[in-house]
Amino acid sequence: MKCTIDWGGPDGMLFVARTGSGHVTAMDGAPDGGGNNLAPRPMEMLLAGTGGCAAYDVVLILKRGRHKVSGCQVKLESTRAETDPKVFTRIHFSFTVTGKDLPVAAVERAVQLSHEKYCSASAMLAKTAEITHSVTVVEA
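Worth saying up front: this structure is predicted, and the values here are computed from it rather than measured.

Chemist: I'd like a description of helix α1 (residues 42–64), backed by residues and values.
Modeler: In a regular helix each residue adds 1.5 Å, so 23 residues correspond to 33 Å; α1 covers 33 Å between its end C-alpha atoms and thus fits that length. All of the buried residues in α1 are L47, T50, G51, A54, A55, D57, V58 and L62. In this fold, the buried residues of α1 make contact with β4 (68–80), β5 (88–100), α2 (104–118) and α3 (120–125). Where α1 ends, the next residue or the one after it, R66, has phi of about 60°, a positive value.

Chemist: Summarise the packing of aromatic side chains; cite the residues concerned and give the values.
Modeler: For the structure on display, the rule yields one aromatic pair. Ring centres 6.2 Å apart and planes at 10° place the aromatic pair F93 and F95 in the stacked group. The exposure class of F95 is buried, given its relative accessible area of 2%. Between R80 and the ring centre of F88, over which it is positioned, the NZ or CZ distance is 5.9 Å.

Chemist: Can you break down the pattern of salt bridges residue by residue, with the values?
Modeler: Tallied over the entire structure, the rule returns one salt bridge. With a shortest N-O distance of 3.0 Å, D6 and R18 are connected by a salt bridge. Taken together, the positions of D6 in strand β1 (residues 3–7) and R18 in strand β2 (residues 15–19) put the pair twelve residues apart, joining distant regions of the chain. Given the relative accessible area of 35%, D6 is considered partly exposed. When its relative accessible area of 41% is taken as the criterion, R18 is described as partly exposed.

Chemist: Any chance you could break down the environment of H67 for me, citing the residues and the numbers?
Modeler: In this structure, H67 sits in the loop between α1 and β4. A sequence separation of 39 residues divides H67 from A106, and the C-alpha atoms of the two residues are 8.6 Å apart. With sequence-adjacent residues up to four places away left out, H67 is seen in contact with L62, L102, P103 and A106.

Chemist: Break down the sheet that holds β5 for me, with residues and values.
Modeler: Spatial ordering of the open sheet is given by β4-β5-β6, a layout of three strands whose pairing is mixed. Every other strand in the sheet has two partners, leaving β4 and β6 (130–139) as the edge strands with one partner each. Taking each pair of neighbouring strands and ignoring which way they run, the sheet shows an average axis angle of 15°. Relative to the sheet, α2 contacts β5 and β6, its axis offset from that of β6 by approximately 150°.

Chemist: Please provide a residue-by-residue account of the sheet that holds strand β3 (residues 24–27), values included.
Modeler: On the basis of which strands lie adjacent, the open sheet formed by three strands has the order β1-β2-β3 and antiparallel pairing. Edge strands, defined here as strands with exactly one partner in the open sheet, are β1 and β3. Between one strand and the next, the sheet's axes are offset by a mean angle of 25°, whatever the strand orientation.

Chemist: Residue-level account of α2, with values.
Modeler: When the terminal C-alpha atoms of α2 are compared, their 20 Å separation across 15 residues agrees well with the 21 Å that a helix rising 1.5 Å per residue should span. Among all positions in α2, only A106, V107, A110, V111, L113 and S114 are buried. The secondary structure elements touched by the buried residues of α2 are α1, β5, α3 and β6.

Quick notes on the rules
Residues numbered from 1 in each chain as written. Predicted model: local features only at pLDDT ≥ 70, side-chain atom pairs only at ≥ 80, totals over all residues. Heavy atoms only, no water. Helix = DSSP H or I, 4+ residues; strand = E, 2+ residues; numbered from the N terminus. Expected span 1.5 Å × (residues − 1). Buried < 20%, exposed > 50% of the residue type's maximum accessible area, 1.4 Å probe, protein only. Contact = heavy atoms within 4.5 Å. Phe/Tyr/Trp six-rings, centres within 6.5 Å; stacked < 30°, edge-to-face > 60°. Lys NZ or Arg CZ within 6 Å of the ring centre and 35° of its normal. Salt bridge = Lys/Arg side-chain N within 4 Å of Asp/Glu carboxyl O. Pairing = 2+ DSSP bridges. Axes fitted to C-alpha atoms, helices over the stretch in contact; angles between N-to-C directions.

Below is the structure:
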């Protein structure tokens, strides 16, 4: 996996990332850090990527189990260390999974498998952060 990050220039802290898969995304800083608030912060991107990784796993696991999943949302709340490096120290994943006749136990197992076995991002962050999760199942 490869990625190239280019700084937007001397008038701010905008960075453009070009991924090895050919996609582009932007990151920026808050005005008090020299940025112009034009895009998510790099640490927000890290948190969003972790949520995407976990949601991807949960949907895939449920689909492979032939469950009728029709929606998946995960909200993440995090706490960071107060001193540099300001690593994540706590991340809570709140999953809301929608589907027809979805067994709560199957959804909880999918979330657990993602956390314990499949999600590389949360496995890395678990080295510094306490990872917790909650699950809500909604009937479609």
